[in-house]
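# Close look at the chain arrangement
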Amino acid sequence: MGVIHKIGRRKTAVARVYVSEGTGNITVNKKEFATYFPTATLRYKVLQPLSMTENENNFDVKVNVYGGGTTGQAEAVRMALARVMCEVNAENRGILKPEGLLTRDPRMVERKKFGQKKARKRFQFSKR
């Protein structure tokens, strides 16, 4: 099989995933998976494509991820893993696509405008 390389993005986070056949070891930025994503919710998000296709213990995963926060990074890794699962077996696409794991979430932070406090909030106006 060799090594499969895919990229996933979410907000400003970019995840590069390298998947090879193995025993289910996952390392993220040269750290253990459980220490990099400490909460159960983030771990569930990352493992979602592997568990839906029943491949939790079949592949070793090496991840380089940067940018954004922990949630954006977890969802970027999830997208990259979903893309890898589609390349491993084309039938996995029918499982992952209805769940929305292959769709790039286009929502980004709106920029701050000049003359305003934030992107949409304005400075307070008084009539006095």
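The preceding data block contains the structure.
Everything in this summary refers to the structure shown in the same document.

Reading the values: rules and limits
Residues numbered from 1 in each chain as written. Predicted model: local features only at pLDDT ≥ 70, side-chain atom pairs only at ≥ 80, totals over all residues. Heavy atoms only, no water. Pairing = 2+ DSSP bridges. Helix = DSSP H or I, 4+ residues; strand = E, 2+ residues; numbered from the N terminus. Contact = heavy atoms within 4.5 Å. Axes fitted to C-alpha atoms, helices over the stretch in contact; angles between N-to-C directions. Salt bridge = Lys/Arg side-chain N within 4 Å of Asp/Glu carboxyl O. Buried < 20%, exposed > 50% of the residue type's maximum accessible area, 1.4 Å probe, protein only. Core = buried A, V, L, I, M, F, W, Y, C linked by side-chain atoms within 4.5 Å.

### Quick look at the sheet that holds strand β4 (residues 31-32)
Strand order in the open sheet made by the five strands is β1-β2-β5-β3-β4, with mixed pairing throughout. Here the strands that pair on one side only, and so sit at the sheet edges, are β1 (4-10) and β4. In the sheet, strand β2 (residues 13-21) pairs with strand β5 (residues 59-66) via eight bridges, with the strands oriented antiparallel. Counted as the bridge partner of E21 is F59 from β5. Lying over the sheet, helix α3 (residues 70-88) contacts β1, β2 and β5, oriented at roughly 140 degrees with respect to β1.

### Quick word on the pattern of salt bridges
Following the criterion strictly, the structure yields seven salt bridges and no others. Between E87 and K6 there is a salt bridge whose closest N-O contact spans 2.8 Å. Taken together, the positions of E87 in helix α3 and K6 in strand β1 put the pair 81 residues apart, joining distant regions of the chain. When its relative accessible area of 46% is taken as the criterion, E87 is described as partly exposed.

### Describing the nonpolar core
Membership of the largest hydrophobic core comes to 29 residues, with the highest contact counts inside it found for V17, V28, F37, V77 and L81. Filtering out sequence-adjacent residues up to four positions away, V28 remains in contact with F33, Y36, F37, V63 and V65.

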